[in-house]
Each structure stands twice: as C-alpha cells, then as structure tokens.
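Observations on the model geometry
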Amino acid sequence: MTHLAYLDAGSGSLIVQAVVGGVAGAAVAAKLYWRRLVARFRRQPTDRS
Amino acid sequence: MAFFDTGVQAEPGSFRDPGNRVFHRHGEVLRGLDERSARDWRALAAADFFRDLLAAGKVCGTEELTPAPVDLPWAAVLRHERIPFVSHPYEWTYGMLRDAALLHLDVLRMALADGFTTKDGSAYNLQWRGATPVFIDVGSFEPARDGEPWAGYRQFCQTLLYPMLLQAHLGVDFQPWLRARIDGIEPDQIRRLFGGTRRWRPGVLTHVHLHGAMQARNARASTADVRAQLRAAGYSRELALATVRGLEKLVRRLDHRPGESYWSDYQRTCAYSVPDRQAKEEFVDRAATATAPGLVLDLGANDGRYARIAARQAGYVVAVEQDAAVADALYRALRAAGEQRVLPLVMDLADPSPGGGWRGVERAAFGDRARADLVLALAVVHHLAIGRNVPLAEVLDQFVALTAPGGSLVVEFVHPEDPMARRLLANKPDGLFPDYRREAFEPLLAARGRIVRQAELPSGTRTLYQVVVHG
C-alpha cells in the first residue's frame, strides 16, 4: 500500500505509541520485537549460504 | 509573491503538504486541493464529527467553492474563515499552549472515533479567536488506515508536549525554544535536561526517554516497514484512541501556573493614582470610539485593562505583554470570560518576533503581521527609551510602523520627574538620556503625525497624546 504522508512520522515515534498505549499496546510492541527477533534468526542461514 | 496572473498570493507558511496549499485572493483565505486531497475533503465534509467540530467552532469555518474556480490549478478550492490575527506558538502563554494542545487532541480523538486522523500534529495547526483556540489545518484530515499509529505524534511532542514539560517540570520558559526551532524540540535534546530523578516526572520516561531511545534504535527502519510490522502485530484503532486519551490525561496534569513576577501586581503597586487611571481609561475610550478601529494593538498590555476598554469599540484587539506570567493571567481571565475579540500574546517589544522558517518568511515577523488602526502605547515609552536605551525617535518610528497609514496612535509620555521614570533613570549613569524630555518628545511626535488630542494626567507627570499617523 503506498502511503503518501507528507510528514516523516518517525519509525521510533510510531513504535513508542504502542508502548504508551497501556498493557494492550505493550503487548503489540512485544509482539513486534518478537517477530523481528524470529525473523533475524530465520534469515541467518540464508544469509550464510 | 504572486504565482499566477489571477491576484493569487501564496501563503508562505503553507507548502509542506504538496497536496494542498493555502493562498489569499481578494482578501479571502482559500485552500487549493489536488485530486487526492479533494477526495479526502469530500469524505470529511460528509463526516459527522467534522460537522460537530465546525458547529462547536473548534475548527475554522470552511466551505467548498462550487463550482471550483476554473482559473486556478486545483481539483477543489476551499474558503476558510479569516483568523483575525495570526500568531505563533512562541508568542503564546503557557495556558494558551496547553489549551491549544488539548484542542488538538480533542479534534484528533473525535476524528479517530469516526474513522479519520490528522496527517500531522503541529502546534501551528492551531490559531486563536481571542482567547479561544481554533484548529485551522483542515487539509490535515484524512481517512485513517487501520493498524496505524498517529503520524503526528512526533510533531505533537516536539512542538506542544516537550515545551510544556520544560515549563511545567523545570520552570524554563518554552517560548525561546520554539522561536529558535521551527520544528520544535527534538527528543534527543530534551532528554538531556531530564536526567536523574527528573526522569520520573509525569510523561518524561515514556514520551521523552523511551521515545528518544526508540528513535535512535529505529533510525534506519523505514516508516513504511514499521507501519507494516505494527499492523501485523495487531495495532488497532482502539490503541490509537488509548494513546490520545493518555496524552490528554498527561496534558491536563501539566497545569503549571507561573509564579508571581515583578509585573504581576503592577496595576496595584505602580505609581498610578485612581484619578490617573480613570483619566487614562476615558482617553482610551474616546480614542477607540472616535476611530472605531478594526484592529487595535495594545503594546505593554499588563492586565489588559485598556485592551478590554478598546475592545468595546473595536473589531479585534491584540494585547502584547512582555511578562509571561502577567500575560498568562490575562489569558486565563479572558478565557474564563469567553472573550473572542482580545488576543493576549507574550512578546518583548524590544525584541519582537522575527521572521522564521524557510527563507525567513514561513513564519511571518510580528512587524509584517501588525498594521493596526489604533495602537495603544501606554506607559511603555520610558521602558524602551530608558530601560532599553532605544532612542526616542526610534521608539516612535516603531509605533508608527505598527500603525496603518491614517491610523491612530495613543501614546503616553512619562516625564523624567515621574517616580517610575526616576526609578528607571536611577539604574543608569547620570546624564545618559539628555533628550528624554517632553520638549524633545513632542516635536518627534508631530513629525510623524497630527496630534489631535492631548491630556495631562492628574498626577502632573504624565501626558497622553492621540496622533493620526501620516498616511
């Protein structure tokens, strides 16, 4: 999806909004970081090959 | 700067969103929209929340010109209500900044609940009708996309929340910071001021430290990737609303009131006698009645006594006061009274707001915005001439520059024998101001306009003049 926002929302500024959104928000942030972690481990074998 | 042959003047402060631009034509404030923005506008115009905001006066009056003018290169053109006097956040008091922030969050919360959002979160999205804030950036609304946090959060922090944290938690005036940086205060800068136990003050740990750390850690991640990751992780509109509610709660807690300052009690403790004050009130009232001014500028407004008297006869009054605590007290009094025709501003007359932003014109200088039909300069000449060493002729030149051609200037000259002038002179070397005399002042005044009325105050050490400035 192309999103033509004129303003750079800031990547960190987007994530921190999940964290300040209470318990449910923190869960979203945790899930995001968990997925990033898993993705990194999944990528590693292909990176080496 | 005319860019078409059609009497169009582009608004220099409106270029950051290429999809819509504000311009002026024949005294009207118009906004041109490209195809995409025009689609967003039509969805917005049909939305309940927007109609509610318009009806409550929280968003500036807006209507679409139909049919769209064929001589303009836009898919649609909107006409906006004219804001009587454009001001910048660094000219606002703390209470004004806080109320502006609350209105922005209020507008955003209502938009989110109806499936819309705002593209940005800047303090410059807000203006004033007197002491009532109004959201002006109608081009900022767009349909919300599910699973996306607010794009304007960073701007909100930088231009509204951090300045409030500075003032409320540290007692540091926020105005110079905003004046110096058009995009506000970066998290990376403000976090350095909130070390040690200060990090536990309300809002600091999350919105300052965590925000700064997250920015640093995600500096290389694109916002498109992060948006997709957040959506996949289950970020929802409810979460966006919870964040806005959290911000509202925080801003409400930041109810800082500046301490009493030297000027806070000025009306009561200064050398005015009651007869003097009454004579001044009468003089101002007569000047305002005779001129029926559209715009009045009250320079050195203090508690706004004369601004309010002028407002009885005027279209709009801008009350400029140098002392932030005094101006904030005035704002709160005006706000409580629901005043919509007196705008209080904080500004040092010896250091008025310069032009700022791109090419120095994105935010117009005070002198370029102010052309008043009536200028009140009561008990300020001596502060500038003696207190700040500005030559008398230049003090008057500045007052005249702020007056529309043919407009009126009401100026008070405090004689050197007056107790207040003596107090100021006592701080300066003897004989530094040989020209600070009534005999020198009057010819300077007569050279700049026609003195139509003058009055001695009962104390005998102050003279009021009404001058029609040469056109």
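Everything quoted here is computed from the prediction, not taken from an experiment.

1. Topic: the overall build of chain A
On a plain count of helices and strands, chain A comes out with two helices and zero strands. Relative to its 49 residues, chain A shows a buried fraction of 33%.

2. What to know about the overall build of chain B
Within chain B one finds 18 helices and 16 strands. Of all 471 residues assigned to chain B, the portion counted as buried reaches 46%. Expressed as a percentage of contacts within chain B between residues at least 6 apart in sequence, the contacts between residues at least 24 apart total 68%.

3. Considering the nonpolar core
Within the largest apolar cluster, 145 residues are counted, with the highest numbers of intra-cluster contacts made by B:Leu297, B:Ala310, B:Val317, B:Ala319, B:Val375, B:Leu376 and B:Ala377. For B:Val375, the residues in contact, after removing those within four places along its chain, are B:Leu297, B:Leu299, B:Phe399, B:Leu402, B:Thr403 and B:Leu409.

4. Focus on the sheet that holds strand S5 (residues 76-80) of chain B
All names here are of chain B. An order of S1-S2-S3-S5-S4 is seen for the five strands of this open sheet, with the pairing classed as antiparallel. A single partner strand is all that each edge strand has here, and the edge strands are strand S1 (8-10) and strand S4 (62-64). Across the sheet, the mean angle from the axis of one strand to that of its neighbour is 35°, orientation sign disregarded. Pairing of S4 with S5, which is carried by three bridges, proceeds in the antiparallel orientation. Opposite Thr62, over in S5, you have His80 as the bridge partner.

5. Some details on unusual backbone geometry
All names here are of chain B. Look at the link from Thr66 to Pro67: it is a cis peptide, with omega at -5°. Here Pro67 shows up in the loop between S4 and S5. The phi dihedral of His26 is positive, around 50°, even though this residue is not glycine. Secondary-structure assignment places His26 in the loop between strand S2 (20-25) and strand S3 (28-33). The exposed category is assigned to His26, around which 9 C-beta atoms lie within 10 Å. Positive phi is not limited to glycine here, since Ala379 has a value of about 55°. For Ala379, the position within the fold is in the loop between strand S13 (372-377) and helix H15 (381-387).

6. Focus on helix H16 (residues 392-401) of chain B
Residue and element names in this part refer to chain B. Those residues of H16 not exposed but buried are Leu392, Val395, Leu396 and Phe399. Down the axis of H16, the buried side of the element spans an arc of 95°, and every buried residue falls inside it. Residues Glu394 and Ala401 are exposed on H16 and point more than 90 degrees away from its buried face. Of the surrounding elements, those touching the buried residues of H16 are S13, H15, strand S14 (403-414) and helix H18 (438-446).

7. Comments concerning the packing of helix H4 (residues 153-170) of chain B against helix H7 (residues 204-217) of chain B
Residues and elements named next belong to chain B. Across the interface, H4 lies against H7 with an axial gap of 11 Å and an inter-helix angle of 125°. When the axis of H4 is compared with that of H7, the two are oblique. The crossing of H4 and H7 is left-handed. Along the contact surface, H4 presents Cys157, Leu161 and Leu165, while H7 presents Val204, His207, Val208 and His211.

8. Side note on the interface of chain A and chain B
Contact residues are listed per partner, giving 25 residues for chain A and 36 residues for chain B. Every element with two or more residues in the side of chain A that touches chain B is listed here: helix H1 (11-19) and helix H2 (22-48) of chain A. No other element matches H1(A), which puts nine residues into the side of chain A that touches chain B. Partitioned by chemical class, the residues of the side of chain A that touches chain B number 13 nonpolar, nine polar and three charged.

9. Overview of the domain arrangement of chain B
Residue and element names in this part refer to chain B. The domains assigned to chain B are domain 1 (8-80), domain 2 (89-253) and domain 3 (266-469). Computed over C-alpha atoms only, the centres of domain 2 and domain 3 are separated by 36 Å. Every element with two or more residues in the side of domain 2 that touches domain 3 is listed here: helix H3 (94-113), strand S7 (126-129) and helix H5 (175-180). Among the residues making up the side of domain 2 that touches domain 3, the classes are represented as seven nonpolar, five polar and four charged.

10. Overview of the environment of B:Gly203
Residues and elements named next belong to chain B. With respect to the helices and strands, the residue Gly203 is situated in the loop between helix H6 (187-190) and H7. Its 23 C-beta neighbours within 10 Å are what place Gly203 among the buried residues. Counting along the chain gives 43 residues from Gly203 to Gly246, while the straight-line C-alpha distance between them is 9.6 Å.

11. Quick notes on the packing of H3(B) against helix H13 (residues 324-336) of chain B
Residue and element names in this part refer to chain B. Between H3 and H13, whose axes approach to 7 Å, the crossing angle comes to 50°. Taken together, the axes of H3 and H13 lie oblique to each other. In contact with Tyr94, Gly95 and Met96 of H3, H13 contributes Asp328, Tyr331 and Arg332. The residue inventory of the contact of H3 with H13, partitioned by class, reads three nonpolar, one polar and two charged.

12. Looking at the confidence of the model for chain B
For chain B, the mean per-residue pLDDT works out to 93, and 96% of the residues sit at or above 70. Reported for the predicted complex are a pTM of 0.94 and an ipTM of 0.85.

13. Some remarks on the pairing of strand S16 (residues 462-469) of chain B
Residue and element names in this part refer to chain B. Across the eight residues of S16, six count as buried, placing the element largely inside the fold. Examined bridge by bridge, S14 and S16 share seven bridges and lie antiparallel to one another. Looking across to S16, one finds that Phe413 is bridged to Thr463. In the sheet, strand S15 (residues 449-456) pairs with S16 via seven bridges, with the strands oriented antiparallel. Its bridge partner being in S16, Gln454 is matched across the sheet by Tyr465. Following S15, the chain reverses through five residues before pairing antiparallel with S16; Gly460 in that reversal takes a positive phi of roughly 85°.

Scoring rules and cut-offs
Residues numbered from 1 in each chain as written. Chains lettered and ligands numbered in written order. Predicted model: local features only at pLDDT ≥ 70, side-chain atom pairs only at ≥ 80, totals over all residues. Helix = DSSP H or I, 4+ residues; strand = E, 2+ residues; numbered from the N terminus. Buried ≥ 20, exposed ≤ 12 C-beta atoms within 10 Å, placed from the backbone. Contact = placed C-beta atoms within 7 Å. Core = buried A, V, L, I, M, F, W, Y, C linked by C-beta atoms within 7 Å. Pairing = 2+ DSSP bridges. Axes fitted to C-alpha atoms, helices over the stretch in contact; angles between N-to-C directions. Arc of directions from axis to C-beta. Parallel < 35°, antiparallel > 145°, perpendicular 65-115°, else oblique. Left-handed = near helix turned anticlockwise from the far one by under 90°. Nonpolar A, V, L, I, M, F, W, Y, C, P; charged D, E, K, R; others polar. Domains from an automatic or database assignment. pLDDT = per-residue confidence, 0-100.

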